[in-house]
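Analysis of the macromolecular model
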Amino acid sequence: MNSPDFETADIVIIGAGFSGMYAIHRLRDYKVVCFEAGDGVGGTWYWNRYPGARVDIESVEYSYGFDEELQQEWQWPEYFSAQPDLERYANHVADRFGLRKHIRFANPVEKLQFDEGENAWRVFTAKGDRVLCKYVIAATGSLTIPNIPPWPGRETFTGDIYHTARWPEEGVDFSGKRVGFIGTGSTGIQAMPIIAEQAEHLYVFQRTPAYCMPSGNRPLDAEHERDWKAHYAQRREQMLDTYGASLVDYGVRSAHECTPQEREAILEQAWHSKSAFQLLFAFSDVMTDAAANEIVCEFVRCKIRSIVKDPATAELLCPTTYPIGGKRLCIGNGYFEMFNRDNVTLVDVRSAPITEFYEAGLRTAAGEYELDAIVTATGFDAVTGAMSRMAIEGVGGNTLADKWAEGPTTYLGAMVAGFPNLFMIHGPATPGAQAQMITTGEWQVNWTADIIDDMERRGCARIDVTEASEAVWAEEVSMVSTQTVHQYADSWYNAKNIEGKKGGFMIYVGGFPRFRELCDAAVRDGYRGFTLA
Ligand code: N01
């Protein structure tokens, strides 16, 4: 490859989050360049520095497994690490494995153009870098682009407006302020109890109440750490064999086989299990059987009613319109308890939606709220957002934006027909947040890197997938989604979190073992569904 004005590389990696960082390491024998939009490494854990940001999977699991020495050396202070510790870990890994020399920070990729003559991608970045490379790996994350609903009047509000995914590095002091908080998903539920402790008053604008269970976070005890360090290799293997790549206790009995007393005991234990998501796996059929699911929903509603003292507020906080686990279960620390504070008011914006921002605050269909600051935790243009924002031109000059106009199409979540040599990690129609993302990201990077190695060994110039194979994968994704309760909830999984967004079901909910086997089998069977040239 020789092209004036373009530097050459073997592989461009987009994004220095956890998957992108591991991809740099795994592919270090090639000439690798990584472009990152932020000033630092860590992806999600670089951007989401709002108060209370914390992982909801145990840190001994939610960490890299590729290097035994790294896992033995590193010490997590808590069971569920907070954002600063996750960012510190990402920085440690970047330094320890010499990744920074490959990364160009504050330099997002703006355009990718496939050069059919060269069988290579031309990469254009915001800072003017031009790279010609054979492969691109998009490790752009599935929760990258903040969703900012188009409320009128934002510019007229005289206070400060924040989005949790773009939190100021120096933090925010809400002391003495009247704060409006919009969004009661996983993010809002973590941030609000901390903001409520500072603010003069916190108004919580809730459209849909969330199911939430306590995280049970606590300092990591030495025995737990010793036990994990003695068994890391085998536990990492076990994780990959579980539905969500996480070692929760997967219940084997149907809720219907248990007496009401047994159910209550099992659910109580799950609630206090200190293992996030245990409620969803308390019985074998919580995620697949509507009646079994409703038993768990009612258990959580009873918990809410027992925690929140004001009955009207408690009722508003009880989710009734979708199954538990249909959207990602929220994990909190004192969220429901927060509503017992005198300085917290719950505002129902389902019955009276937010109509506009105005100079002094927020207007809903029912009234006005004077505020000094507004925090939006309104989620993300998830899964497709980051890919759709780059101008990506594939074979014949066809654009990814056009191809995905009605929703993303992929084969195995990894490639898109007509966009050769372009791989995605945690792309649309992979398990995404349904499986622990560091470990499954590592697995996807290895799978992708093995393909690249194999192509180089065989002297192949180009790998693509067919539209027929995309259709087969779409069928699989849809089939497994109709077997779960996910189909009954509107969320970022099915593109229904943003008005007008098209997409259908964008997450693979058939479980990680099945996903992994289908990916491996396709390669093993002579690259079934791919075309190699
Ligand atoms: O975003 P969300 P998130 N008017 O989309 C509301 C991961 N995560 O950032 O439900 C009023 O879940 C919206 O209301 P509704 C995790 O995978 C992990 O909280 O659409 N409200 C909802 O309440 C998670 O699933 C961790 O009716 C509006 C909220 O904004 C994912 O990130 C922590 C509105 C958005 O909730 C996303 O979570 C945090 C409007 N116009 C996040 N538009 C952990 O690991 C939106 N909303 C612990």
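The written sequence of each chain sets the order in which its residues are numbered from 1. Totals for whole chains, interfaces and linings use every residue, but because this is a predicted model, local features are given only for residues with pLDDT of at least 70 and side-chain atom pairs only at 80 or more, for both listing and counting. Side-chain metrics rest on all non-hydrogen atoms present in the structure, leaving aside hydrogens and water.

1. Overview of the site of the ligand
Near is defined per residue: the residue qualifies when any heavy atom it owns lies within 4 Å of the molecule or strand. Close to the ligand lie 25 residues; Thr187, Arg207, Thr208, Lys327 and Trp492 are nearest. Within the side chain of arginine 207, an N or O atom sits 2.8 Å from an oxygen atom of the ligand. No other element matches the three residues that helix 5 (residues 186–198) contributes to the shell around the ligand. Nonpolar residues are Ala, Val, Leu, Ile, Met, Phe, Trp, Tyr, Cys and Pro. Charged residues are Asp, Glu, Lys and Arg, and all others, Gly as well, are polar. Classifying every residue of the shell around the ligand by side-chain character gives 10 nonpolar, nine polar and six charged. Boundaries of every domain are those given by an automatic assignment or by a domain database. Lining the shell around the ligand are residues from two domains, each supplying at least three of them: domain 1 (7–145 + 381–532) and domain 2 (154–376). Identification of polar contacts relies on pairs of N or O atoms within 3.5 Å, with a donor-acceptor requirement for protein atoms, meaning one able to donate a hydrogen and the other able to accept it, and with residues adjacent in sequence counted only if both atoms are side-chain atoms. Put simply, DSSP H or I for four residues or longer makes a helix, DSSP E for two residues or longer makes a strand, and each gets a number counted from the N terminus.

2. Overview of helix 4 (residues 83–96)
Helices are assigned an expected span. That span is 1.5 Å times one less than the residue count. End to end, helix 4 covers 20 Å across 14 residues, agreeing with the expected 20 Å (1.5 Å per residue, within 8%). Summary of the burial criterion: residues with accessible area below 20% of their type's maximum are buried, those above 50% are exposed, and those between are partly exposed, where the area comes from a 1.4 Å probe applied to protein chains only. For helix 4, every residue scored as buried is listed here: Gln83, Asp85, Leu86, Glu87, Tyr89, Ala90, Val93 and Ala94. The contact criterion used is simple: two residues touch if any of their non-hydrogen atoms lie within 4.5 Å. Turning to helix 4, the residues buried within the fold contact helix 1 (18–26), helix 2 (44–47) and helix 3 (68–73). Just downstream of helix 4 lies glycine 98, where phi reads positive at about 60°.

3. Section: the sheet that holds strand 15 (residues 367–370)
For two strands to count as paired, DSSP must find a minimum of two bridges between them. Ordered in space as 13-14-15, the three strands form an open sheet in which the pairing is antiparallel. Single-partner strands in this sheet number two, and they are strand 13 (354–358) and strand 15. Averaged over all pairs of adjacent strands, the angle between strand axes in this sheet comes to 20°, irrespective of strand direction. With four bridges connecting them, strand 13 and strand 14 (residues 361–364) associate as antiparallel partners. Each bridged residue has a counterpart across the sheet, and for glutamate 356 the counterpart in strand 14 is arginine 363. Axis geometry follows a simple rule: fit a line to the C-alpha atoms, using only the stretch in contact for helices, then measure angles between N-to-C directions, giving values from 0 to 180 degrees.

4. Comments concerning helix 13 (residues 437–458)
End to end, helix 13 covers 31 Å across 22 residues, agreeing with the expected 32 Å (1.5 Å per residue, within 8%). The element helix 13 is largely enclosed, with a buried count of 16 among its 22 residues. Sitting at the amino-terminal end of helix 13 is glutamine 436, which places a side-chain oxygen 3.0 Å from the backbone nitrogen of isoleucine 438. Looking one or two residues past helix 13, glycine 459 carries a phi angle of roughly 75°, positive in sign.

5. Comments concerning the environment of lysine 101
For lysine 101, the position within the fold is in the loop between helix 4 and strand 3 (103–104). For lysine 101, a relative accessible area of 69% gives the class exposed. Sequence spacing of lysine 101 and tryptophan 473 is 372 residues, and the spatial spacing of their C-alpha atoms is 37 Å. Side-chain polar atoms of lysine 101 contact the backbone oxygen of glycine 98, separated by 3.0 Å.

6. Things to note about the nonpolar core
Core analysis: the largest hydrophobic core is formed by 147 residues, its most contacted members being Tyr64, Phe174, Leu202, Leu279, Ile324 and Phe530. Element by element, the count of residues in this core is highest for helix 13, at eight residues. Both domains that furnish three or more residues to this core are identified here as domain 1 (7–145 + 381–532) and domain 2 (154–376). The contact partners of leucine 202, leaving out residues within four places of it in the chain, are Val179, Phe181, Met192, Ile195, Ala196, Met338, Asn343, Val344 and Thr345. By convention a nonpolar core is built from buried Ala, Val, Leu, Ile, Met, Phe, Trp, Tyr and Cys residues, the set being connected through side-chain atoms within 4.5 Å. Core analysis: the next-biggest nonpolar cluster, separate from the first, contains 23 residues, Phe35, Val109, Trp121 and Met390 among them.

7. Notes on the pattern of salt bridges
By definition, a salt bridge exists where a carboxyl oxygen of Asp or Glu is found within 4 Å of a side-chain nitrogen of Lys or Arg. Summed over all chains, the structure comprises 38 salt bridges. The partner of arginine 458 in a salt bridge is aspartate 454, with the nearest N and O atoms 3.2 Å apart. Placement of both arginine 458 and aspartate 454 in helix 13 is noted, with a separation of four residues, approximately one turn of the helix. Where arginine 514 meets glutamate 476, a salt bridge forms, and the shortest distance between an N and an O atom there is 2.7 Å.

8. Focus: the pairing of strand 8 (residues 178–182)
Regular strands place their side chains on alternate faces of the sheet. In terms of residue burial, strand 8 counts as a mostly covered element, since four of its five residues are buried. For the segment spanning strand 8, helix 5 and strand 9 (residues 201–206), crossover handedness is right-handed. Consider the strands pointing away from the viewer: the crossover is right-handed when the path from the first strand over the helix to the second runs clockwise.

9. A word on the domain arrangement of the chain
According to the domain assignment, the chain contains domain 1 (7–145 + 381–532) and domain 2 (154–376). For domain 1 versus domain 2, the distance between C-alpha centres works out to 27 Å. The interface of domain 1 with domain 2 comprises 51 residues on the first partner and 53 residues on the second. For any pair of parts, buried area is found by adding up, for both, the accessible area (1.4 Å probe) each one loses once the two are put together. Between domain 1 and domain 2, a total of about 4500 Å² is buried, with carbon and sulfur atoms accounting for 53% of that surface. Together, Tyr50, Tyr79 and Val485 form the three largest contributors to the area buried by domain 1 at its contact with domain 2, with a combined 16%. The tally of links between domain 1 and domain 2 comes to two salt bridges. Between arginine 516 and aspartate 241 there is a salt bridge whose closest N-O contact spans 2.8 Å. Connecting domain 1 to domain 2 are 31 residue pairs in polar contact (both at pLDDT 80 or more). Of all the secondary structure elements, the ones that give two or more residues to the side of domain 1 that touches domain 2 are helix 3, helix 13 and helix 15 (512–524). Classifying every residue of the side of domain 1 that touches domain 2 by side-chain character gives 22 nonpolar, 19 polar and 10 charged.

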